[in-house]
Amino acid sequence: MVSKKIVIVGHFGVGKTSLIRRFVEDVFTEDYKVTIGVHILKKTLIVNDQEVNLILWDTEGTDTIEDIRKAYLLGTHGFIFVCDITRPSTYENIAAQKEYLSSNFNNVPILSIGNKTDLLPKGSISDKKEELDFLDMLVSAKEGNNVNRLFERIAKLLI
Amino acid sequence: MNQLHREYRNKGLQFITIDKAGVILSSDQQLIDFEKGSLLKDVHPFFENIGVYFEDDSEYAKLECIHIEDRIFDIDFILNDDHTAVIILREGTDFYKRVQVMTQKRNESLIFQERLELKNQLLKEQEEFKNRFIANFSHELRNPLTLISSFSSMLMKKDINLDQQMLIEAIKSQSEKLRGILNDILDLSILKNSSLSLENAPFSLRKLLKNLQLNYTTSHLDLNFKVNIDTNVPKTIIGDKRRFEQVITNFIDNALKHNKGDSIEINIQENQRRANKVSLRIEVTNNEGIIPDILSDPKLENYTSIGHGDIEKTTGLSFSIARELAQLMDGDIRIKHCENGGTTQVANLKLSFPIHDEEIEEQVEKKTKPKVQLSEKIRTIIAEENSVSKMTALKILVSTGNFDTQVFTDPKNLLGAVENDEYDLILMSSSISQLDTIELISLIKEFANDHNKKIPIIGVTTQTAPEDIAALRKAGCKDVIKKPYTDDELTNTIYKRLNLKKFK
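From a predicted model like this one, the values you see are computed outputs, not experimental measurements.

Engineer: Mind laying out the overall build of chain B, listing which residues take part and the relevant values?
Structural biologist: The number of helices and strands found in chain B is 13 helices and 19 strands. Scored against the burial criterion, the 504 residues of chain B give a buried share of 44%. Taking contacts inside chain B between residues at least 6 apart in sequence as the whole, the part at least 24 apart equals 66%.

Engineer: Break down the sheet that holds strand 2 (residues 24–27) of chain B for me, citing the residues and quoting the values.
Structural biologist: Read from one edge to the other, the open sheet built from 11 strands follows the order 6(A)-5(A)-4(A)-1(A)-3(A)-2(A)-3(B)-4(B)-5(B)-1(B)-2(B), with strand pairing classed as mixed. Only two strands of the sheet have a single partner each, and these edge strands are strand 6 (137–138) of chain A together with strand 2 of chain B. Pairing geometry for strand 1 (residues 13–18) of chain B and strand 5 (residues 85–91) of chain B, over six bridges, is antiparallel. Bridging across to strand 5 of chain B, L13 of chain B finds its partner in R90 of chain B.

Engineer: Account for the interface of chain B and chain A, naming residues and giving values.
Structural biologist: Contacts between the two partners involve 27 residues from chain B, matched on the other side by 28 residues from chain A. With both sides pooled, the region where chain B packs onto chain A buries about 2,400 Å², and carbon together with sulfur makes up 61% of that total. Put simply, chain B and chain A have three salt bridges between them. Between R115 of chain B and D84 of chain A there is a salt bridge, with the nearest N and O atoms lying 3.5 Å from each other. If you look at where chain B meets chain A, you find 17 residue pairs in polar contact (both at pLDDT 80 or more).

Engineer: Lay out the pairing of strand 3 (residues 60–68) of chain B with the relevant residues and their values.
Structural biologist: Bridge analysis of strand 2 (residues 38–47) of chain A against strand 3 of chain B gives two bridges, and the strand direction is parallel. Bridging across to strand 3 of chain B, V38 of chain A finds its partner in I66 of chain B. Bridge analysis of strand 3 of chain B against strand 4 (residues 71–79) of chain B gives seven bridges, and the strand direction is antiparallel. Counterpart to A61 of chain B in the pairing with strand 4 of chain B is F77 of chain B. Taking the residues between adjacent antiparallel strands as the criterion, strand 3 of chain B and strand 4 of chain B are bridged by two residues, where E69 of chain B takes a positive phi near 50 degrees.

Engineer: Provide a residue-level description of a nonpolar patch on the surface, including the pertinent values.
Structural biologist: There is a patch of nonpolar side chains on the surface, built from L394, V398 and V407 of chain B and spanning about 200 Å² of accessible area. Mapped onto the fold, V407 of chain B is located in strand 14 (residues 403–408).

Engineer: Describe the sheet that holds strand 13 (residues 378–383) of chain B, with residues and values.
Structural biologist: All names here are of chain B. Strand order in this open sheet of five strands is 14-13-15-18-19, and the pairing throughout is parallel. Two strands lie at the open edges of the sheet, namely strand 14 and strand 19 (479–482), each paired on one side alone. On average, adjacent strands in this sheet sit at an angle of 20 degrees to one another, irrespective of strand direction. Direction of pairing for strand 13 relative to strand 15 (residues 425–429): parallel, over a ladder of four bridges. Within strand 15, the residue paired with I382 across the bridge is L427.

Engineer: Would you mind going over the nonpolar core in detail, with residue names and values included?
Structural biologist: Residue and element names in this part refer to chain B. The biggest cluster of nonpolar side chains holds 54 residues, and the ones touching the most others in it are I18, F77 and L89. Apart from residues lying up to four places away in sequence, L89 is in contact with G12, L13, Q14, I16, L31, I32, F34, F47, F73, D74 and I75. Core analysis: the second largest hydrophobic core is formed by 45 residues, L186, I190, Y216 and L317 among them.

Engineer: Could you give me a rundown of unusual backbone geometry, with the residues and numbers involved?
Structural biologist: Following K483 of chain B, the chain continues into P484 of chain B via a peptide bond in cis, with omega recorded as 0 degrees. Tracing the backbone shows P484 of chain B in the loop between strand 19 and helix 13 (487–497). Phi at D49 of chain A takes a positive value of approximately 60 degrees, unusual for a residue other than glycine. You can see D49 of chain A is positioned in the loop between strand 2 and strand 3 (50–59). If you check the backbone angles, N106 of chain A has positive phi at about 50 degrees while not being a glycine. Mapped onto the secondary structure, N106 of chain A falls in the loop between helix 3 (94–104) and strand 5 (110–115).

Engineer: Which residues make up the environment of Y485 of chain B, and what values do they have?
Structural biologist: Residue and element names in this part refer to chain B. Position of Y485 among the secondary structure elements: in the loop between strand 19 and helix 13. We classify Y485 as buried; its relative accessible area is 2%. Setting aside anything within four residues of it in sequence, one finds Y485 in contact with T146, S149, S150, R179, S389, T392, A393, I396, V460 and L490.

Engineer: Provide a residue-level description of helix 6 (residues 241–258) of chain B, including the pertinent values.
Structural biologist: The end-to-end C-alpha distance of helix 6 of chain B, which contains 18 residues, comes to 26 Å, matching closely the 26 Å that a straight helix rising 1.5 Å per residue would cover. For helix 6 of chain B, the complete set of buried residues consists of R243, F244, Q246, V247, I248, T249, N250, F251, I252, N254, A255 and H258 of chain B.

Engineer: Report on the packing of helix 9 (residues 387–400) of chain B against helix 13 of chain B, specifying residues and quantitative values.
Structural biologist: Residues and elements named next belong to chain B. Remark: helix 9 packs on helix 13, axes separated minimally by 10 Å, with the N-to-C direction vectors making an angle of 65 degrees. Our classification of the angle between helix 9 and helix 13 gives roughly perpendicular. Where helix 9 crosses over helix 13, the handedness of that crossing is right-handed. Contacts between helix 9 and helix 13 involve A393, I396, L397 and T400 from the first element and D487, L490, T491, I494 and Y495 from the second. Taken together, the residues that form the contact of helix 9 with helix 13 break down as six nonpolar, two polar and one charged.

The rules we used
Residues numbered from 1 in each chain as written. Chains lettered and ligands numbered in written order. Predicted model: local features only at pLDDT ≥ 70, side-chain atom pairs only at ≥ 80, totals over all residues. Heavy atoms only, no water. Helix = DSSP H or I, 4+ residues; strand = E, 2+ residues; numbered from the N terminus. Buried < 20%, exposed > 50% of the residue type's maximum accessible area, 1.4 Å probe, protein only. Contact = heavy atoms within 4.5 Å. Pairing = 2+ DSSP bridges. Buried area = accessible area lost by both parts, 1.4 Å probe. Salt bridge = Lys/Arg side-chain N within 4 Å of Asp/Glu carboxyl O. Polar contact = N/O pair within 3.5 Å; in protein donor to acceptor, adjacent residues only side chain to side chain. Patch = residues over 30% accessible without salt bridge, like charges linked within 9 Å, V, L, I, M, F, W, Y side chains within 5 Å. Areas by Shrake-Rupley, 256 points an atom, 1.4 Å probe, with all protein chains shown as cover. Axes fitted to C-alpha atoms, helices over the stretch in contact; angles between N-to-C directions. Core = buried A, V, L, I, M, F, W, Y, C linked by side-chain atoms within 4.5 Å. Expected span 1.5 Å × (residues − 1). Parallel < 35°, antiparallel > 145°, perpendicular 65-115°, else oblique. Left-handed = near helix turned anticlockwise from the far one by under 90°. Nonpolar A, V, L, I, M, F, W, Y, C, P; charged D, E, K, R; others polar.

Geometric descriptors of this kind do not, in isolation, establish any biological role.
Below, the structure is given as structure tokens:
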């Protein structure tokens, strides 16, 4: 069975931990609890009839990727860049951040996603998707929308 | 290594030795139990990735703040020469839990602030949208209103029968009402934006009230209109005469709207004075008829907000304007219901007065001016692209018999005309072919031949904010006429700004 290290990065409060907990444990809590350092969780997926161990590194929220401790990122197979679609400051510099990751980590796959679609008014998701067309996916850790699809998508990119 | 091991033995450290395959060779079991011979990656997913540190160029790696189960460790990886590695776990749970509490507070506060800023920005954008809407709406209404006001005024001067006169009077009066509402909406929008600054000039309070009394008694012949000004009240007031008058006229109009009796009384008293500041209490009482106390209504916004307001509830609109103006004058307004069934509207306003309080002379313009008859025609350019405005100005000027007019809608033709022909006046609209008026005026000055170099330009605009008017004057307009205007307003302004002797 192959193991793939996926590091979840992004600003604080965007819902990185909630996203992983929704995927691994299928739970969600409204309370915001700051992550310091790194939590590592594991979940096995079957993708294209192949078992993949996803080792998910849930990092502390930072304003820029450069602030993440370098040693955490060694051996990363893929990144998920999470932003909060209700806070523009969390996706303002996304292009530069992705560029930094690509050039420093051998062009490993990066998926950028917008979390918290549950906070949008009903019927406005497609408009938001059009507005934030630089994001690969919009998800909701709270409602679970697109969460499994996100991890399946990155797993497929890695095998 | 053994020395380091001994040194830190009792300091919350654990030493584990592994081989390149991740098999545990030894562990001192100080913090976590690791079974010798088992795979390190089976202990926790963090160690799944430990192989990469064997491959890395660096022989040492430090990973801080790693959560393993419910404890937090700093982890050192040291590569030995024999391709084994030492992993040192350093317990930091208590320390990092304290860091977590501090970071939690900081992040929560930052997110709260960010959300607040976004909310403010959204409100600002909504306000800007509303103002843009009001400006456009006002702009669109001003041209047809100008036509209705001035044409009905022109018709009134013709030889018409009584029936026709009544119909035209009705049109004129309703267009005046619309003009008033339009100005109220714009005023309120400016006031809500706090972008209105009050003027400070001396005026005679008693003369102002006397004029108001005269105006209202002329238009309401059955009305018993009383004005009582306390003798203590200064003769001359320093303030914004127009806005002061607006508060009182809004009160009077409200009173007239709800009045079921036959009398309206204005009382002005002095609340207090300090140095050259005076607080005046202005009461407007109608003897019968209740004015709803919208100020005490929790849904005040329904009456006063342009967004939700019913245009027919103009009591709310004018009252809201009075309230905003009173606040600008450091005062307030109130509504009191009287026992006899009437209502008193009260405004407390803070104003200034001169040290030597004397009645000042104010220039009074004569209301009825004799008809101007000129022997030579005023060669006039009308620079206007709006067909309604064009027709309005043209009809008014032609009807006087004093003007020889030429209309230009294309700036190129206009510039050609001022370069090659001779004119006496330009009536300049606020935009022609989307060219900014100010820019066009500067081009006219550049292109004009010697005769036209000092040609008077009168601006005619739908943009009536004080800063817009000031910009037009600064650009070279001798005067600015605000739309909607009447025929008399247009011709009187022109005659005032021209040397008429030249044409007599």
